[in-house]
Amino acid sequence: MSAADMMPDADDLRWMRHALALAQRAADEGEVPVGAVLVQDNEIVGEGWNRPIGTCDASAHAEIQALRDAGRRVGNYRFPGTRLYVTLEPCVMCAGAIIHARVSQVIYGAPDPRAGACGSVFDLLPSDGRFNHRTECQGGVLADECGGMLRAFFRARR
């Protein structure tokens, strides 16, 4: 589902702003500013921000961190009925984890024209039927703010 297909509601905006605050936390730590929050029934299940540099772990993307946090909180690795809000379109690695975690929907801010797996480069989300689970996608929620934070971060690094 594209951003043009569905307008974000107040809850979508609220949770994406929360993800932006987590992205700022990543930036404050010198990481690429991406934040993610996993929500079920309008409550936080897990949250995370990019930490590959600080943890020396290439898999420590915001989405993975949020799924790990949720697993610790819930005591399970599957999260049916949840929405994952993330400031940047998930990559292939994160899309795979999202599918295995049975996340129902991904709502992202900025598209990733280099590695996005929700249609920008790869088309893993929404799942195409070859997986046992289907995850819906919506992009473009607060895209200007999400993309602006990333552009400012990289501009400062140059």
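Residues numbered from 1 in each chain as written. Predicted model: local features only at pLDDT ≥ 70, side-chain atom pairs only at ≥ 80, totals over all residues. Heavy atoms only, no water.

- The name given to the protein in an unreviewed UniProt entry is tRNA-specific adenosine deaminase, and the organism recorded there is Thiobaca trueperi.
- The record held by UniProt for the protein lists under Sequence similarities (unreviewed entry) the comment "Belongs to the cytidine and deoxycytidylate deaminase family. ADAT2 subfamily."
- As its UniProt record puts it under Subunit (unreviewed entry), the protein is described as follows: "Homodimer." (UniProt positions renumbered as here; feature names shortened; annotations may be inferred.)

Notes on the packing of aromatic side chains
Now for step 1: With the rule as written, the count across this model stands at one aromatic pair.
Now for step 2: Both rings, one in F153 and one in F154, keep their centres 5.2 Å apart while their planes meet at 80 degrees; by these two values the pair is edge-to-face.
Now for step 3: For F154, a relative accessible area of 35% translates into the label partly exposed. (Phe/Tyr/Trp six-rings, centres within 6.5 Å; stacked < 30°, edge-to-face > 60°. Buried < 20%, exposed > 50% of the residue type's maximum accessible area, 1.4 Å probe, protein only.)

Here we look at the pattern of salt bridges
Now for step 1: Tallied over the full model, the rule gives five salt bridges.
Now for step 2: Put simply, D69 and R73 hold a salt bridge, and the shortest N to O gap is 3.2 Å. Of the two residues, D69 and R73 both sit in helix 3 (residues 62-74), four residues apart, roughly one turn of that helix. (Salt bridge = Lys/Arg side-chain N within 4 Å of Asp/Glu carboxyl O. Helix = DSSP H or I, 4+ residues; strand = E, 2+ residues; numbered from the N terminus.)

So, the confidence of the model for the protein
Now for step 1: Of all residues in the protein, 95% attain a pLDDT of 70 or more, and the chain-wide mean is 93.
Now for step 2: A low-confidence stretch, residues 1-5 (pLDDT under 50), is modelled with eight contacts involving residues beyond four sequence positions or located in other chains. (pLDDT = per-residue confidence, 0-100. Contact = heavy atoms within 4.5 Å.)

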